[in-house]
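Notes for the structure review
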Amino acid sequence: MNLLSLQAQRQLEVFLRQAGIRHIEPAPSLHFAFSDHELFIDYRHRSLWMTVTIAAELDDDQLLTLFIRVFPGLTTQYLIRPFRTMEGAALNTSLSDDVTSEQLVLIYRTMLRQLSPWRKRTHS
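Residues numbered from 1 in each chain as written. Predicted model: local features only at pLDDT ≥ 70, side-chain atom pairs only at ≥ 80, totals over all residues. Heavy atoms only, no water.

Regarding the overall build of the protein
A count of helical and extended segments in the protein gives three helices and five strands. Each helix (α) and strand (β) of the protein, taken in turn from the N terminus, gives the series α-β-β-β-α-β-β-α. Taking all 124 residues of the protein together, the buried fraction comes to 40%. Pairs at least 24 residues apart make up 59% of the contacts formed inside the protein by residues separated by at least 6 positions. For the protein, the exposed area adds up to about 7,500 Å²; of that, 54% sits on carbon and sulfur atoms. (Helix = DSSP H or I, 4+ residues; strand = E, 2+ residues; numbered from the N terminus. Buried < 20%, exposed > 50% of the residue type's maximum accessible area, 1.4 Å probe, protein only. Contact = heavy atoms within 4.5 Å. Areas by Shrake-Rupley, 256 points an atom, 1.4 Å probe, with all protein chains shown as cover.)

And the structure:
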């Protein structure tokens, strides 16, 4: 079983508090639903995985625009992968377990910002 280091667990807890999430039970997979997006955090294969999803209808041109928007180096120093889901669109990245809470906040905010043009078209 993959176990998150104590340092990484503390950094994740600080990040979640900064994101307004309270009362978290430690688990290898976490899911948080917000009014306009969902946040998934998983720990597997010695990596921390962060995925942000939104409910939106993206055509192929819009998906291509999203790919361009998250081009590595233009957003963060991390590789952010966009993809289409059955319900909308998502961004995903994998991080080493020595990531800091500040880096997690930067990545999370960047992902939200990159998805923001389509969050306005969410389903009710």
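Still more to cover.
So, the sheet that holds strand β3 (residues 47–55)
Taking strand neighbours across the sheet as the criterion, the five strands line up as β1-β2-β3-β5-β4 in an open arrangement whose pairing is antiparallel. Either end of the sheet is taken by a strand with one partner, and the two such strands are β1 (29–33) and β4 (81–84). If you compare each strand with its neighbour and ignore which way they point, the axes differ by 15° on average. Pairing analysis gives seven bridges linking strand β2 (residues 38–44) to β3, with the strands arranged antiparallel. Note on β3: the bridge partner recorded for Leu39 is Val52. Most of the contacts of helix α2 (residues 60–69) go to β4, to which it runs at about 165°, and overall it touches β4 and β5 (88–96). (Pairing = 2+ DSSP bridges. Axes fitted to C-alpha atoms, helices over the stretch in contact; angles between N-to-C directions.)

Quick notes on the pattern of salt bridges
Under the definition given, this model contains three salt bridges. One salt bridge connects Arg10 with Glu13, and the closest N-O pair in it is separated by 3.3 Å. Of this pair, Arg10 and Glu13 both sit in helix α1 (residues 6–18), separated by three residues, roughly a single helical turn. Arg84 is the partner of Asp60 in a salt bridge, and the nearest nitrogen-oxygen pair spans 2.9 Å. With Asp60 in helix α2 and Arg84 in strand β4, this pair connects stretches of sequence that are 24 residues apart. On the basis of relative accessibility, which here comes to 57%, the residue Asp60 falls in the exposed class. By relative accessible area, Arg84 is classed as partly exposed at 40%. (Salt bridge = Lys/Arg side-chain N within 4 Å of Asp/Glu carboxyl O.)

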